[in-house]
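# Remarks on the overall topology
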Amino acid sequence: MDSSIWVERHRPKTFDEMVGQKEIVKRIKAFVGHKNVPNMLFAGPAGVGKTTIALVIARELYGDSWRENFLELNASDDRGIDVVRNTIKDFARTKSIGDAPFKIILLDESDSLTRDAQQALRRTMEQYSNSCRFIFSVNYSSKIIDPIQSRCSVFRFRPLEKNDVREIITNIAKHEKLRVEEKSVYALFELCGGDVRRLGNILQSCASVDKHITSELIYKVASYADPKEVRDILSLAIKGEFIKSRDLLLNVMLRDGLSGIDMIKQIQKEIWNLQIDDIKKLSMTERCGEIEFRMVEGSDEFLQMEGLIASFCKK
Amino acid sequence: MLLIDKYKPTSTKEIFGQDRAIDELKKCIKSKKTAILLGKSGIGKTASIYALANEFNYEIVESNSSDIRNKEGVINFLGSASSQGSLFYDGKLILIDEIEGMAGNADKGGLNAVTEIIKKSNFPVILTCNDVQSKNFSSLKKICKVISFEPLSYSIVFELLKNVSKKEGLGIQDDLLKSLAIKSNGDARAALIDLEFFRYNDFSDVNFLSRDMSQDVSQALRVLFKSKNPKSISEVFDSLHEDLDEITLWIEENCPKEYSGEDLASCFDSLSKADVFNGRIIKRQYYRFLVYRRILMSLGVGLAKKEKKLGQVNYTRSSRILKMWIWNNKNLRKKSISGKIGGITHASLKKSFKEFIFYKHLLNDKTFISELELNEDEIEWINKN
């Protein structure tokens, strides 16, 4: 059955359907052709095909029984050491089904695997190297400890280019009977960069309003995902109303499940819409950069956000 | 009589938040099927069984972890009970409580004996188990109907406490009851036992919990925010038992009441730098950084003010953790739906949660709902939102 979600419905199922990442596809196709793939690390931004190619590998290797030989774990949701010790080991230690020489474990969003879990994995990878291959997918390869990186072939995925994005849009439009203006292609590219998941979701949401996709519609729909309160948080802070500003900030973050980094991105954009001196905007932006840096190094994202708005409070 | 006994439910109407599980259990007992009740402790598993037995006028033969439950023990105790009828009641129930308590060596062969009894028994056999994860009982799960008891939400525990407190005339403030409810972590029994403490003590007009923990802390905060003396500021945390994480929350909550403008910015700048050192400690396990964290949190915060501060300020405990809890509860269904969307789109729960708005228009679509295999609670949530 076709999924109701377009991103799923139009996800490539073979190497030939993949758009972009030509070099990577070529090399992996060769591995699969020889029925032998190494442990792999896929690094790159969101929505450029890391998970998709892993699923394609499984389909090409195992045919219809791919689900039995393929374990997909999302490390953002199950990231503790227990998962490594139980789920992964249980799957890895049994033999593959059919004539496949090994099973595959995909650890999606491995950035969020704890260090302990990663340490526990390096042994598991070696112990079951006969029966199992690992694919790690990450945004930043630096989050993966060296001993694991050294056991993997590393593939760096690039953001999709405008022509790739255009091809994907044309493809979806043909199947879903959409009318997409040229200006809309630019709008989608500007809003999503090369993130195809975002792109598919925005397109589908637009289509639920109107099959004629205009750039105005796209901008409107895309803005749904941005919290409306960012401007209020900022203006409260500038007025010196620290407590109100921080309470609103905390509520928005908890309500929408936003991280400190998500929030600082929004704030940094919104600063330029404020009615204040440009020099002040510049210094506020620099402050955002400093706090984002501290957030990466530090331990408490919300405390760092408070530091940011407190610095906006001072006159 | 303890509150926990005094307010023990006598009918299923008095058990909150487990309606569906109780319905399933009722069906099992009526059809003489074996059931295993899974769920954390103190959320009403055993209480539901007793309440139902009461409603049906059934006798309960109970074996719990205080009994010897090796092979002989189980057969001696339950074997005969499972075949003989009840003299004074309309029926009989065999209850094997806290089954996870019998996996050990001392109860060798016990589990197998239980399996035998389930197969032979003329009466419904009900088992309870706290340890949802445990694999030891997978063989039992195959021959039993598994009924899950969900953890109680904080608001249900709160309602329960409020109810009891009102009936007992304890006159405890809602805030305190809320804290107790949160502390209980969904365990109604623990919450009632905590409430016991307030029964014979008169705390009607003081917020006991915050007084208890803030006596030393508010003294320390006073020095930190008011004093200009570097020596007393730098020693301010020495007398406290709280760790620096806890103290951070205290400062974070209360500094905006004392400082404003430049002072506040400089205070938070120090807290932010202290947090960077904490992050480095966690990542590198290099504990000497503690020195810097501590100094930034004491002198950094204390010397942030340009002038000495006068006046009396009422310090309060941080509400951040409470808010996290409340939002987590509010977002429960949205999260579980996001998890299912993530499942079919190969994305994490977190990611689907953030993109939820783009899937929302699909949630009115019947085929999409069946693709996601949403349960009743989730569908109800969608209809409400």
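Right, let's get into the overall build of chain B. Scanning chain B for helices and strands turns up 20 helices and five strands. Expressed as a percentage of its 385 residues, the buried residues of chain B come to 46%. Restricting to contacts in chain B with at least 6 residues of sequence separation, those with at least 24 account for 75%. Just so you have it, chain B exposes about 19,900 Å², and 51% of that area is on carbon and sulfur atoms.

Another point: the overall build of chain A. If you tally the helices and strands in chain A, you get 15 helices and seven strands. Per-residue burial for chain A yields a buried fraction of 54% across its 315 residues. Considering only residue pairs separated by 6 or more positions, chain A has 73% of its internal contacts joining residues 24 or more positions apart.

The next thing to look at is the packing of aromatic side chains. All names here are of chain B. According to the stated counting rule, one finds 13 aromatic pairs over all chains in the structure shown. Both rings, one in Tyr-154 and one in Trp-325, keep their centres 6.4 Å apart while their planes meet at 80°; by these two values the pair is edge-to-face. Of this pair, Tyr-154 sits in helix H7 (residues 154–167) while Trp-325 sits in helix H15 (residues 320–330); the two residues are 171 residues apart in sequence, bridging distant segments of the chain. Classification of Tyr-154 as buried rests on a relative accessible area of 10%. Under the relative-accessibility criterion, Trp-325 is labelled partly exposed at 22%. Taking 4.8 Å as the distance between ring centres and 65° as the angle between the ring planes, the aromatic pair formed by Tyr-286 and Phe-289 counts as edge-to-face. Under the relative-accessibility criterion, Phe-289 is labelled buried at 18%. Between Lys-330 and the ring centre of Trp-327, over which it is positioned, the NZ or CZ distance is 4.5 Å.

The subject of this paragraph is the nonpolar core. In a soluble, globular protein the nonpolar side chains are often hidden away together inside. Counting 59 residues, the largest nonpolar core has Met263(A), Ile267(A), Met305(A), Phe312(A), Phe237(B) and Ile251(B) as its most contacted members. It is helix H15 (residues 301–313) of chain A that provides the largest number of residues to this core, a total of eight residues. Residues Ile49(B), Ile147(B), Ala181(B) and Phe198(B) belong to the second largest nonpolar core, which totals 36 residues.

A few words on the sheet that holds strand E4 (residues 132–138) of chain A. All names here are of chain A. Strand order in this open sheet of five strands is E2-E3-E4-E1-E5, and the pairing throughout is parallel. Across the chains shown, the open sheet's two edge strands, defined by having one partner strand only, are strand E2 (70–74) and strand E5 (153–156). Neighbour-to-neighbour, the strand axes of the sheet open up by a mean angle of 15°, direction not taken into account. Bridge count for strand E1 (residues 40–43) against E4 is four bridges, and the pairing is parallel. What sits directly across from Leu-41, in E4, is Phe-136. Strands in contact with helix H2 (residues 22–33) are E1 and E5; relative to E5, the strand with the most contacts, it is inclined by about 150°.

Looking now at empty space enclosed by the protein. Residues and elements named next belong to chain B. In the structure shown here, the tally under the stated rule is one cavity of 30 Å³ or more. Taken as a whole, the largest cavity encloses approximately 50 Å³ of empty space. Taken together, Val-217, Ala-220, Leu-221, Phe-237, Leu-240, Ile-247 and Trp-250 make up the full set of residues lining the largest cavity. Of all the elements in the fold, those that place two or more residues in the lining of the largest cavity are helix H10 (208–226) and helix H12 (244–258). Residue contributions to the lining of the largest cavity peak at three residues, all from H10.

In total, this model carries 38 salt bridges over all chains according to the counting rule given. The partner of Glu182(A) in a salt bridge is Arg166(A), with the nearest N and O atoms 2.7 Å apart. Of this pair, Glu182(A) sits in helix H8 (residues 182–192) while Arg166(A) sits in helix H7 (residues 162–176), and the two are 16 residues apart along the sequence. Residue class for Glu182(A) comes out partly exposed when judged on its relative accessible area of 43%. Two residues, Arg287(A) and Asp269(B), come together in a salt bridge whose shortest N-O distance is 2.8 Å. With one member in each of two chains, Arg287(A) in helix H14 (residues 278–297) and Asp269(B) in helix H13 (residues 261–284) form a pair that bridges those chains. Among the charged side chains, a network of salt bridges with common partners joins Arg246(A), Asp247(A), Glu306(A), Glu253(B) and Lys323(B).

Residue and element names in this part refer to chain B. Roughly 1,200 Å³ of internal volume is contained in the second largest pocket. Lining the second largest pocket are 29 residues, and of these Glu-150, Pro-151, Ser-153, Leu-332 and Arg-333 sit closest to its centre. Of all the secondary structure elements, the ones that give two or more residues to the lining of the second largest pocket are helix H2 (19–30), H7, H15, helix H16 (332–345) and helix H20 (376–384). Partitioned by chemical class, the residues of the lining of the second largest pocket number eight nonpolar, eleven polar and ten charged.

Let's shift gears to unusual backbone geometry. The phi angle of most residues is negative, glycine excepted, and most peptide bonds adopt the trans form. The phi dihedral of Glu109(A) is positive, around 50°, even though this residue is not glycine. Its place among the elements puts Glu109(A) in the loop between strand E3 (103–108) and helix H5 (115–127). According to the relative accessible area criterion, Glu109(A) is buried, its value standing at 15%. With a phi angle near 55°, Gln285(B) is a residue other than glycine that sits in the positive phi range. In this structure Gln285(B) comes out as partly exposed when scored by relative accessible area, which is 49%.

Residues and elements named next belong to chain A. With 15 residues, H7 ought to run about 21 Å at 1.5 Å a step, and its terminal C-alpha atoms sit 21 Å apart, in line with that. All of the buried residues along H7 are Asp-164, Val-165, Ile-168, Ile-169, Ile-172, Ala-173 and Glu-176. Residues of H7 that are buried make contact with helix H1 (6–9), strand E6 (179–180), H8 and helix H9 (196–209). Of the residues one or two after H7, Lys-177 is the one with positive phi, at around 55°.

Every buried residue belonging to H15(B) is among Arg320(B), Lys323(B) and Trp327(B), and all of these are buried. With its buried residues spanning 60° around the axis, H15(B) presents them on a single face. Where H15(B) is buried, its residues contact helix H12 (242–256) and H15 of chain A together with H12 of chain B.

For the rest of this paragraph, the subject is the interface of chain A and chain B. Between chain A and chain B, the residue contacts involve 57 residues of the former and 48 residues of the latter. Across the contact surface, chain A and chain B share 28 residue pairs in polar contact (both at pLDDT 80 or more). Only helix H3 (50–62), E2, H9, helix H10 (215–223), H12, H14 and H15 of chain A provide two or more residues apiece to the side of chain A that touches chain B. Looking at the side of chain A that touches chain B, the element that brings in the most residues is H12(A), giving nine residues.

Residues and elements named next belong to chain A. Tracing the backbone shows Lys-281 in helix H14. At 3.1 Å, the side chain of Lys-281 forms a polar contact with the backbone oxygen of Leu-274. Among residues more than four places away in sequence, those in contact with Lys-281 are Ile-271, Trp-272, Leu-274 and Ile-276.

Analysis parameters
- Residues numbered from 1 in each chain as written.
- Chains lettered and ligands numbered in written order.
- Predicted model: local features only at pLDDT ≥ 70, side-chain atom pairs only at ≥ 80, totals over all residues.
- Heavy atoms only, no water.
- Helix = DSSP H or I, 4+ residues; strand = E, 2+ residues; numbered from the N terminus.
- Buried < 20%, exposed > 50% of the residue type's maximum accessible area, 1.4 Å probe, protein only.
- Contact = heavy atoms within 4.5 Å.
- Areas by Shrake-Rupley, 256 points an atom, 1.4 Å probe, with all protein chains shown as cover.
- Phe/Tyr/Trp six-rings, centres within 6.5 Å; stacked < 30°, edge-to-face > 60°.
- Lys NZ or Arg CZ within 6 Å of the ring centre and 35° of its normal.
- Core = buried A, V, L, I, M, F, W, Y, C linked by side-chain atoms within 4.5 Å.
- Pairing = 2+ DSSP bridges.
- Axes fitted to C-alpha atoms, helices over the stretch in contact; angles between N-to-C directions.
- 1 Å grid on protein atoms, 1.4 Å probe; cavity = no way out; pocket = protein on both sides within 12 Å on 5 of 7 lines; lining within 4 Å.
- Points joined across faces, edges and corners; volume = space filled by probe spheres on them.
- Salt bridge = Lys/Arg side-chain N within 4 Å of Asp/Glu carboxyl O.
- Nonpolar A, V, L, I, M, F, W, Y, C, P; charged D, E, K, R; others polar.
- Expected span 1.5 Å × (residues − 1).
- Arc of directions from axis to C-beta.
- Polar contact = N/O pair within 3.5 Å; in protein donor to acceptor, adjacent residues only side chain to side chain.

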